[in-house]
Amino acid sequence: MSRIYDVAVIGAGVVGMSILRELTRYRLKVCSLEKMEDVAEGASKANSGIVHAGYDPIEGTKKARFNVEGNNIFADVCNELDVEYKMIGSLVVAFDDYEINVLEELLQRGKRNGVKGLEIKSQEWVFENEPNLSRNIKAALFAPYSGITNPYKLTVALFENAIQNGADVIFRFEVCKIEKDGDYFVVHSADSRFIKTRVLINCAGVHADEISKMAGAKLFKIYPRRGQYYILDKPEKMPVARVIFQVPTEKGKGILVTPTVDGNVLVGPNSEYIDSKDDTATTQEGLDEVFEKARKVLPSLSKRDVITIFSGIRATPDTHDFIIEEDEDVKNFINVAGIESPGLTASLAIGRYIAELVSRKLNAKRNLNFNPYREDIKRFSKLSDEEKERMIKLYPSFGNIVCRCELVSEYEIVEAIKRGARTIDGIKRRTRAGMGRCQGGFCTPRVIDILSRELGVSKTQITKFGKGSYILTEKRWGK
Ligand SMILES: Cc1cc2nc3c(=O)[nH]c(=O)nc-3n(C[C@H](O)[C@H](O)[C@H](O)COP(=O)(O)OP(=O)(O)OC[C@H]3O[C@@H](n4cnc5c(N)ncnc54)[C@H](O)[C@@H]3O)c2cc1C
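Taking an unreviewed UniProt entry as the reference, the chain is identified by name as FAD/NAD(P)-binding oxidoreductase belonging to Caldicellulosiruptor changbaiensis.

A. Focus on the pairing of strand E11 (residues 184-189). For E11, the tally of buried residues reaches 5 of 6 residues, placing the bulk of the element in the interior. The pairing of strand E10 (residues 175-181) with E11 spans 6 bridges and is antiparallel. Considered in E11, the bridge of Lys180 is made with Phe185. Here E10 hands over to E11 after 2 residues, with Gly182 in that stretch at a positive phi of 60°. Sheet topology places E11 next to strand E12 (residues 194-202); 4 bridges connect them, and they run antiparallel. Looking at the pairing, Phe185 lines up with Thr197 of E12. Hairpin remark: E11 followed by E12, antiparallel, with 4 residues in the connecting loop; positive phi at Ser192, about 70°.

B. Representation of unusual backbone geometry within the structure. Here Gly268 and Pro269 are connected by a cis peptide whose omega angle stands at -10°. Residue placement: Pro269 occurs in the loop between strand E16 (265-268) and strand E17 (272-273). Phi angles above zero are rare outside glycine, and Arg172 is one such case at about 55°. Within the secondary structure, Arg172 sits in the loop between strand E9 (168-170) and E10. Although it is not a glycine, Ser192 sits at a positive phi angle of roughly 70°. Along the chain, Ser192 falls in the loop between E11 and E12. What makes Ser192 exposed here is its relative accessible area of 67%.

C. Spatial organisation of the site of the ligand. Close contacts around the ligand come from 39 residues, with Glu34, Ser44, Ile50, Ile339 and Thr345 the closest. A distance of 3.2 Å is found between a nitrogen atom of the ligand and a backbone nitrogen or oxygen belonging to Lys35. Note that a nitrogen atom of the ligand is positioned 3.5 Å from one of the backbone N or O atoms of Gly343. The set of elements that each furnish at least two residues to the shell around the ligand consists of helix H1 (14-23), strand E18 (306-317) and helix H8 (343-361). Looking at side-chain class alone, the shell around the ligand contains 19 nonpolar, 15 polar and 5 charged residues. When residues of the shell around the ligand are assigned to domains, at least three map to each of domain 1 (2-44 + 152-221 + 319-361) and domain 2 (86-146 + 223-315).

D. Layout of the domain arrangement of the chain. What the domain assignment reports for the chain is domain 1 (2-44 + 152-221 + 319-361), domain 2 (86-146 + 223-315) and domain 3 (380-461). Distance from the C-alpha centre of domain 2 to the C-alpha centre of domain 3: 32 Å. If you look at the interface, domain 2 gives 6 residues, while domain 3 gives 6 residues. When the two sides are added together, the surface that domain 2 and domain 3 hide from each other amounts to roughly 480 Å², 33% of it contributed by carbon and sulfur. Applying the counting rule to domain 2 against domain 3 returns 3 salt bridges. The residue Asp262 makes a salt bridge to Arg432 at a minimum N-O spacing of 3.2 Å. Across the domain 2-domain 3 interface, the total number found is 5 residue pairs in polar contact (both at pLDDT 80 or more). Grouping the constituent residues of the side of domain 2 that touches domain 3 by class yields 1 nonpolar, 2 polar and 3 charged.

Rules of the game
Residues numbered from 1 in each chain as written. Predicted model: local features only at pLDDT ≥ 70, side-chain atom pairs only at ≥ 80, totals over all residues. Heavy atoms only, no water. Buried < 20%, exposed > 50% of the residue type's maximum accessible area, 1.4 Å probe, protein only. Helix = DSSP H or I, 4+ residues; strand = E, 2+ residues; numbered from the N terminus. Pairing = 2+ DSSP bridges. Near = heavy atom within 4 Å. Polar contact = N/O pair within 3.5 Å; in protein donor to acceptor, adjacent residues only side chain to side chain. Nonpolar A, V, L, I, M, F, W, Y, C, P; charged D, E, K, R; others polar. Domains from an automatic or database assignment. Contact = heavy atoms within 4.5 Å. Buried area = accessible area lost by both parts, 1.4 Å probe. Salt bridge = Lys/Arg side-chain N within 4 Å of Asp/Glu carboxyl O.

Here it is as structure tokens:
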């Protein structure tokens, strides 16, 4: 296989997909190279999903700039892409005078970063508006423009819209060698495929330092920093209405408690440097730390409500800021690296910035056929009874419920496959089948059946997330 592109983006996380989508606004031949079987397999699938206001990053940094710019455009882009985004606001809570001083610093920094609406609220205000929080809280910084979204659904939506507008995404393409051939980069995969491209953009998350080195570009180091979480069952009444942070420390923004856009409660993350860049294990020690610290804020928190645990790995750079620049020595090689938090928030603004930079470099014309809109899959759980009936008449599989916890129909699973899902996790992230209380105990075999039928492959070939993660090992009896 050999293909020639104007621009190739390495990595199909939220940053890579945002850049890819923005590039399709121009008349350019563009692609993304992703080593896994699907988009959002790195940090973009395992984070807090917070759209940060922008009071936390130090003023003058790229983090501060792209955080605030990203926050400003988040609602509009989610609207175009039919992705859930709720601007529920956030509180940073302080327990003593020292922490109240930190709130004041954050308020001033936020103002310098251009964050609107920040206010320090009294203890009375906090208890009136968040009655379940600890009575030991003395004050809180309120950021009305903080919000929540679903990070992997956003990544999927950016991917689908980029494809709709003519981009290619090449999966199972693990970049292992980069050479120059005249004006082109020749990018090789571990399984001996290659593509050629005029501009190469490095969005490889925790592995971005290795890619930069491969291209002979700037040397920097990415340290993997893991964060562990609990997800709680959907409560009858949300214990918190906003994102509740504790005061940040040198280790990061601290452990938060927040509603998710899907109606669960998310608690975490801690912060621990680890040796392996891909070690997403959870540990008893890490989870205990998360629980204890979160309970300080929300005393009613109970482990009985936990339905699952997970961890994500931050790509922490040794430069202490996002690395977003064309390399000084390797022309047309652009690093978009070290995108740790607030990278989800920043991703949409980074996408615009990089696409404009590249379009100027290549003197690219506008793509007049660019369509910014993408429609989400119709969800059984979201429709009224009349709408359900109408859909079932049109598509009988809409009435066949596969995941009973989250009320996901067969129609939604088939639609997810048509749009690119190839694995159990791909279905889960697009439809929520397997994300409910039983965590896939009942629906996983049925999802395997549907994947096998729709893809025309044996059930033993279906994987959880690609790369040999098979679920069934052999056929013993029956069909
Ligand atoms: C615990 C945690 C909490 C966070 N919370 C928030 C938050 O609340 N709000 C916020 O704004 N941000 C948050 N972030 C940050 C946010 O998740 C990241 O900034 C964002 O997801 C980074 O996206 P990315 O595309 O750069 O990287 P990734 O999503 O990691 O994508 C990188 C991709 O590159 C691929 N890749 C790697 N090497 C190769 C190769 N050799 N060849 C081909 N492909 C390759 C990987 O498979 C992966 O798909 C959090 C991060 C973590 C870990």
